[in-house]
Amino acid sequence: MSKPFVAGNWKMNTDSRGGIELAERIACGSLEIVSKKVTVAVCPPFVYLGAVANALRASSVAVGAQNMYFESKGAFTGEISASMLKDIGCTYVLCGHSERRHVIGETDELINKKVVAAVSGGLLPILCVGELLAEREASQTEKVITRQMKNGLAGLSAEKVLAVTVAYEPVWAIGTGRTATQQQAQQVHDFIRRLVAEMYDDQTAAEIRILYGGSVKPGNAADLMSQQDIDGLLVGGASLNADDFLAIIQAAV
Ligand code: PEP
């Protein structure tokens, strides 16, 4: 297994001072474990990316954006390109987070354009996939994941797809306090890995990083990380509290 990866998605939270303080506390608290044993990233809102990247410059904590646009520049009012994110110090970018799929209405096709543009722009995309509760209850989980994975990764070679981290985030577990059991999560992670083997090859499947996300807390992080196919965690709410996020990082090692 590759080095565990823990990413914090701050969503539309914090302010400039609070974001910098949170980043500094995470950098300071994770000094000894980050870089050697675990990869850590935080994903603040666009407007705080530069300030947070600056605050983390001397640390091993990386910065990611929560979204991007697939075009490189031009008349796309309100949008942000991969090269702008690189320029400001970002390493990662979330693509297809469930809130963007289900609240903003992003399609698989749009998400795919973002993933491809992120990889060609030198960013490391985190492609989020996951089923709605109704889809799980209708036994559609594998069908939905297959569609999101095949469409989301379309056009990427085996070499390029390794720049992508997949995050399995069952929508019914995001921000609800209802975490998937470790068995439920492992089952889907195993399915995703087998799907990558089918789409690419066994080595790619073994190497690709698959994170779990959905109400991860200090109390359930270690159990989730004990599962064979869970390579890391994507954390929303609990990443806004430095002590909780640090405890999750510790549990992932
Ligand atoms: C997320 O935003 O990706 C997430 C998993 O949120 P939460 O941890 O709050 O469920």
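Here is what the cut-offs are and how they apply
- Residues numbered from 1 in each chain as written.
- Predicted model: local features only at pLDDT ≥ 70, side-chain atom pairs only at ≥ 80, totals over all residues.
- Heavy atoms only, no water.
- 1 Å grid on protein atoms, 1.4 Å probe; cavity = no way out; pocket = protein on both sides within 12 Å on 5 of 7 lines; lining within 4 Å.
- Points joined across faces, edges and corners; volume = space filled by probe spheres on them.
- Helix = DSSP H or I, 4+ residues; strand = E, 2+ residues; numbered from the N terminus.
- Nonpolar A, V, L, I, M, F, W, Y, C, P; charged D, E, K, R; others polar.
- Expected span 1.5 Å × (residues − 1).
- Buried < 20%, exposed > 50% of the residue type's maximum accessible area, 1.4 Å probe, protein only.
- Arc of directions from axis to C-beta.
- Contact = heavy atoms within 4.5 Å.
- Pairing = 2+ DSSP bridges.
- Right-handed = clockwise from strand over helix to strand, strands pointing away.
- Near = heavy atom within 4 Å.
- Polar contact = N/O pair within 3.5 Å; in protein donor to acceptor, adjacent residues only side chain to side chain.
- Areas by Shrake-Rupley, 256 points an atom, 1.4 Å probe, with all protein chains shown as cover.

Peer 1: Explain the layout of surface pockets here, please?
Peer 2: Sizing a probe to match a water molecule and rolling it over the atoms shows the empty space that remains. Empty space within the largest pocket amounts to approximately 350 Å³. Considering the residues around the largest pocket, the lining is formed by 15 residues, among which Lys11, Met12, Gln66, Asn67 and Arg100 are closest to the centre. In terms of residues, the lining of the largest pocket owes the most to one element, helix H4 (residues 98-104), which gives four residues. Approximately 150 Å³ is the volume attributed to the second largest pocket. Elements that contribute at least two residues to the lining of the second largest pocket include exactly helix H7 (141-152) and helix H9 (182-199). When residues of the lining of the second largest pocket are assigned to their parent elements, the largest contribution, three residues, is made by H9. Of the residues in the lining of the second largest pocket, the class split is two nonpolar, three polar and two charged.

Peer 1: In this structure, what is going on with helix H1 (residues 16-29)? I would like to understand it.
Peer 2: An α-helical turn contains 3.6 residues, so any two residues separated by three or four positions project in the same direction. The terminal C-alpha atoms of H1 lie 20 Å apart, and with 14 residues this matches the ideal 20 Å at 1.5 Å per residue to within 8%. Among the residues making up H1, those that are buried are Gly19, Leu22, Ala23, Ile26 and Ala27. Taken around the axis of H1, the buried residues stretch over an arc of 130°, which confines them to a single face. Residues Arg17 and Cys28 are exposed on H1 and point more than 90 degrees away from its buried face. Close packing links the buried residues of H1 with strand E2 (39-43), helix H2 (49-55) and helix H12 (242-252).

Peer 1: Any chance you could explain the pairing of strand E8 (residues 232-235) here in plain terms?
Peer 2: Residues in a regular strand point their side chains to alternate faces of the sheet. What you see with E8 is no split at all: Gly232 and Leu234 on one side and Leu233 and Val235 on the other are buried throughout. Both strand E1 (residues 5-9) and E8 contribute to a ladder of four bridges, which runs parallel. In the strand pairing of E8, Ala7 is matched with Leu234. For strand E7 (residues 209-213) and E8, the ladder comprises three bridges, and the chain directions are parallel. The residue of E8 that forms the bridge with Tyr212 is Leu233. For the handedness criterion, the β-α-β arrangement of E7, helix H11 (residues 218-225) and E8 is classed as right-handed.

Peer 1: Just to check I follow, could you spell out the site of the ligand for this structure?
Peer 2: Lys11, Glu169, Gly175, Ser215 and Gly236 are the nearest of the 14 residues found near the ligand. Within the side chain of Lys11, an N or O atom sits 2.8 Å from an oxygen atom of the ligand. Gly175 is positioned with one of its backbone polar atoms (N or O) 2.6 Å from an oxygen atom of the ligand. Against a free-state accessible area of 290 Å², the protein chains account for coverage of 98% of the ligand. Class assignment of the residues belonging to the shell around the ligand gives a composition of four nonpolar, eight polar and two charged.

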